[in-house]
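Take a look at the letters that make up each chain.
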Amino acid sequence: MRRAGIVALNTFREAVRDRVLYNLVFFALVMIAASILVGQVSIGIEEMVIVTLGLSAISVIGLLIAVFIGVGLVSKEMDKRTLYALLAKPVRRWELLLGKFGGLVLTLTVNTAAMAAGLFLALSLVKQGTEHVEASVLVAVYFILLKLALVVALALLFSCFTTPLLSILYTAGLYIAGLFVTEMRNFQSETMSRALQTLLRWLSYLLPNFENFDVMAAAAHGRAIPGVLIAQNSAYAALYCAVVLTVAAAIFTRRNLK
Amino acid sequence: MATAAIEIENLTKDYPFGFLHLKKKTSLEGLTMRVEEGEVFGFLGPNGAGKTTTIKLLVGLIFPTAGTARILGKSISDISMHADIGYLPEQPYFYDYLTATELLDYFARIHDLPAQERKARVDGMLKKVGLETARKIQLRKYSKGMLQRIGVAQAILHDPKVVILDEPMSGLDPVGRREVRDVILELKQAGKTVLFSTHILSDAEMLCDRVGVIVGGKLRGVGAPDEIVGMKAQGMEVLFEYAGAAGGLQPLLSKATQTGKRYRMQVPEADLYATLQQLGSAGAKVLSVTQVKSTLEEYFMHLVEADRAQAPAVEVSGK
Ligand SMILES: Nc1ncnc2c1ncn2[C@@H]1O[C@H](COP(=O)(O)OP(=O)(O)OP(=O)(O)O)[C@@H](O)[C@H]1O
Ligand SMILES: [Mg+2]
């Protein structure tokens, strides 16, 4: 466990040195553009525009980092053979995976926090009304982070047994499917066989449910987000990550490094 | 018998390949050998012999198809074994965004070296492998030989009891080779066990207590370097200078090869003194007398050729 922490810090250092955090510049540009836009259009919806644009940008940028760096966390090290020296040391394979996961989640946390700070700054600049959207926005950002952790775990899992390109496709596919689980669950069709509908229903429970993490509309309108949902999402993300990482570790532990 | 530093039993590794991995290629076949504590053991073999495969199995990077191995009495699947071994991978590559100091510090943390000891240890290692001046340079800017050096440093950083080096001399300049030789000798002096693979026979002859020769995934011979080649001297080579007329030396000179005034000649060991006397009395100047023995190299070539000769058979059994 201590070793997983050391690996995590090094993974964070790698991300910083590889200039991953430079994406913040891009986010800043989005926020500036949003503020200008607000100046043009708004009568009373400034906050809504800023929050929607800001949260969307935080989510998209985070997803890109989570997927593209996530699939490379272990596979890149296997390709470059940087893992050889490390795994000959007293590091268990699961400690390495956990460290890599933790490192990228740490990177995403720092990155997301910086973007959230930018968002709040933009909000404070346009703020006129007495509405309090801050608390809801904070929860929305937290949910995005949970979602990102889940995506990283999935990317890591796929990269343990397939190529980076396929891993990206699988992870993206699961993410998109995970946005439609409710629809899948309630899907009714005359032409579809009963068995297939049951299968779909089961699948909808197995797939990572990404719908629950999306509270953008509530945040934009400053509606409070129920504590139950916060607890439920936290537990769901933790549990799902744990299961995915356990499977990943089981695969990676048996893997021959080429 | 005392526990060996490295004990390998019937170690076998197949690599599956082809459609659905139905075919397999045997890279290592029933390897059984021991490396005693405090020994420097050379692992010799041509390209593709299975040296790297064996070493990767030992350090747990790949898993055996059959067989077992123990290091210092602990199974290779036991994680605590890793605290006592040092490993230099073949053509090592490290995190290129780190500097040499940072890399060693990272590994020192992994090895749980106490904070106050870390800096001194890291500095000492960098000095030992001649990288003090490059310590603050990111590894992406390192040359091949410099990477090899940092690789050696990380392998011995934590003062392991067993050091396993996969081609430690490759990519090094003469100075670097010499330094690595010194490192290996130093390890031996300190009572460590060293297993290293190499193609460079002179290094093995110079450094090893014993060598093992592996060809085509099979161990073909183990023993002291001189034992394995059969120390039997094949004769003596005499180098002498002679400017005079052939005269009475004619029978001798006809057997020698001449370069200017110099002659080179091989005589059976039993005839050496008679020959020297003859040369002396004729006024020839003897420059050197050396023993001619079959070298490790010849032995090696012999094995490889023998293997080539039966290559078709090996190929069939591999499929
Ligand atoms: N990942 C792999 N998949 C399939 N075959 C492999 C793999 N790794 C090694 N081999 C095969 O195993 C055999 C032994 O390879 P190995 O790397 O152990 O040789 P070596 O003795 O280290 O050679 P060299 O002196 O060139 O380093 C070779 O025939 C090689 O093709
Ligand atoms: Mg090799």
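For the structure itself, consult the block above.
Not measured: the values here are computed from a predicted model.

Trainee: Mind showing me how you'd approach the packing of aromatic side chains here?
Mentor: Given two aromatic rings, their pairing is described by the distance between the two centres and the angle made by the two planes. Residue and element names in this part refer to chain A. This structure, assessed with the given rule, holds 13 aromatic pairs over all chains. Taking 5.3 Å as the distance between ring centres and 55 degrees as the angle between the ring planes, the aromatic pair formed by F158 and Y170 counts as tilted. Here Y170 lies in helix α8 (residues 164-178) and F158 lies in helix α7 (residues 134-159), a separation of 12 residues in the sequence. Taking relative accessible area as the criterion, F158 reaches 11% and is therefore assigned buried. What makes Y170 partly exposed here is its relative accessible area of 37%. Chaining the aromatic ring pairs together yields one cluster made of Y142, F143, Y175, F210, F213, Y236 and Y240.

Trainee: Would you take a moment to explain the pairing of strand β2 (residues 23-35) of chain B for this structure?
Mentor: Residues and elements named next belong to chain B. Of the pairings in the sheet, the one linking strand β1 (residues 6-17) to β2 comprises 9 bridges and is antiparallel in character. Bridge pairing in β2 links K13 to L28. Between β1 and β2, which pair antiparallel and follow one another directly, the connecting turn spans 5 residues, one of which, G18, has a positive phi of 80 degrees.

Trainee: Sorry if this is basic, but what is going on with the packing of helix α2 (residues 100-110) of chain B against helix α4 (residues 144-156) of chain B here?
Mentor: When two helices pack together, you describe them by how their axes are tilted relative to each other and by the distance separating the axes. Residue and element names in this part refer to chain B. For the pair α2 and α4, the least separation of the axes is 10 Å and the interaxial angle reads 25 degrees. In terms of orientation, α2 and α4 fall into the roughly parallel class. Where α2 crosses over α4, the two elements pack in a sense that is right-handed. Across the interface between the two elements, A100, L103, L104 and F107 of α2 pack against I150, A153 and Q154 of α4. Here the contact of α2 with α4 is built from residues that sort into 6 nonpolar, 1 polar and no charged.

Trainee: What is the right way to read the side chain of E14(A) from this model?
Mentor: Looking at the element boundaries, E14(A) is found in helix α1 (residues 2-17). Classification of E14(A) as buried rests on a relative accessible area of 11%. Contact partners of E14(A), with chain neighbours within four places excluded, come to K76(A), K100(A) and Y97(B).

Trainee: Just to check I follow, could you spell out the site of ligand 1 for this structure?
Mentor: Residue and element names in this part refer to chain B. In the vicinity of ligand 1, 14 residues are found, and the nearest of them are S27, T52, T53, E90 and H199. Between ligand 1 and N47, the relevant distance is 2.9 Å, taken from an oxygen atom to a side-chain nitrogen or oxygen of the residue. Contact between ligand 1 and E90: an oxygen atom at 2.5 Å from a side-chain N or O atom of the residue. Contact with the protein chains hides 70% of the accessible area of ligand 1, taken as 630 Å² for the molecule alone. Counting residues per element, the shell around ligand 1 draws most heavily on helix α1 (residues 51-58), at 3 residues. Grouping the constituent residues of the shell around ligand 1 by class yields 3 nonpolar, 7 polar and 4 charged.

Trainee: Any chance you could explain the sheet that holds strand β3 (residues 40-44) of chain B here in plain terms?
Mentor: The strands making up a sheet associate through backbone hydrogen bonding, with each pair oriented either parallel or antiparallel. Residue and element names in this part refer to chain B. An order of β6-β7-β8-β3-β9-β10 is seen for the 6 strands of this open sheet, with the pairing classed as mixed. Each edge of the open sheet carries a strand with a single partner, namely β6 (85-88) and β10 (218-223). Adjacent strand axes in the sheet meet at a mean angle of 15 degrees when their direction is disregarded. Judged from the 5 bridges that link them, strand β7 (residues 162-166) and strand β8 (residues 193-198) form a sheet pairing that is parallel. Residue pairing across strands places D166 opposite S197, the latter belonging to β8. Seen against the sheet, α4 touches β6 and β7 and runs at an angle of roughly 170 degrees to β6.

Trainee: Sorry, what's going on with the coordination of the magnesium ion (ligand 2) here?
Mentor: The reference angle at a metal is 109.5 degrees if four donors form a tetrahedron and 90 or 180 degrees if six donors form an octahedron. Protein coordination at the magnesium ion (ligand 2): the donors are T52(B) (OG1) and E90(B) (OE), at 1.9 to 2.4 Å from the metal. Residue T52(B) is found in helix α1, and its partner E90(B) is found in the loop between β6 and α2; the two are separated by 38 residues along the sequence.

Trainee: Hey, could you run me through the pattern of salt bridges in this one?
Mentor: Two side chains with opposite charge may pair up if their charged atoms get near one another. Per the counting criterion, the structure on display carries 28 salt bridges over all chains. R17(A) is the salt-bridge partner of E102(B), the closest N and O atoms lying 2.7 Å from each other. Of the two residues, E102(B) sits in helix α2 while R17(A) sits in helix α1, which places them in two different chains. For R17(A), a relative accessible area of 29% translates into the label partly exposed. A salt bridge links K161(B) to D84(B); its shortest N-O distance comes to 3.7 Å. With K161(B) in the loop between α4 and β7 and D84(B) in the loop between β5 (74-75) and β6, this residue pair connects regions lying 77 residues apart in the sequence. Beyond isolated ion pairs, a larger network of salt bridges with shared partners links E7(B), E9(B), R34(B), E36(B) and R70(B).

Trainee: For this particular structure, what's the right way to read the sheet that holds β2(B)?
Mentor: Residue and element names in this part refer to chain B. One open sheet holds the 4 strands; their spatial order is β2-β1-β4-β5, and the pairing between them is antiparallel. The outermost strands of the open sheet, each flanked by one partner alone, are β2 and β5. Note that β1 and strand β4 (residues 66-71) share 5 bridges and pair antiparallel. Residue T12 lies in a different strand from β4, and its bridge partner there is A66.

Reading the values: rules and limits
- Residues numbered from 1 in each chain as written.
- Chains lettered and ligands numbered in written order.
- Predicted model: local features only at pLDDT ≥ 70, side-chain atom pairs only at ≥ 80, totals over all residues.
- Heavy atoms only, no water.
- Phe/Tyr/Trp six-rings, centres within 6.5 Å; stacked < 30°, edge-to-face > 60°.
- Helix = DSSP H or I, 4+ residues; strand = E, 2+ residues; numbered from the N terminus.
- Buried < 20%, exposed > 50% of the residue type's maximum accessible area, 1.4 Å probe, protein only.
- Pairing = 2+ DSSP bridges.
- Axes fitted to C-alpha atoms, helices over the stretch in contact; angles between N-to-C directions.
- Parallel < 35°, antiparallel > 145°, perpendicular 65-115°, else oblique.
- Left-handed = near helix turned anticlockwise from the far one by under 90°.
- Contact = heavy atoms within 4.5 Å.
- Nonpolar A, V, L, I, M, F, W, Y, C, P; charged D, E, K, R; others polar.
- Near = heavy atom within 4 Å.
- Polar contact = N/O pair within 3.5 Å; in protein donor to acceptor, adjacent residues only side chain to side chain.
- Areas by Shrake-Rupley, 256 points an atom, 1.4 Å probe, with all protein chains shown as cover.
- Donors = N, O, S within 2.8 Å, 3.2 Å for Na, K, Ca; no water.
- Salt bridge = Lys/Arg side-chain N within 4 Å of Asp/Glu carboxyl O.

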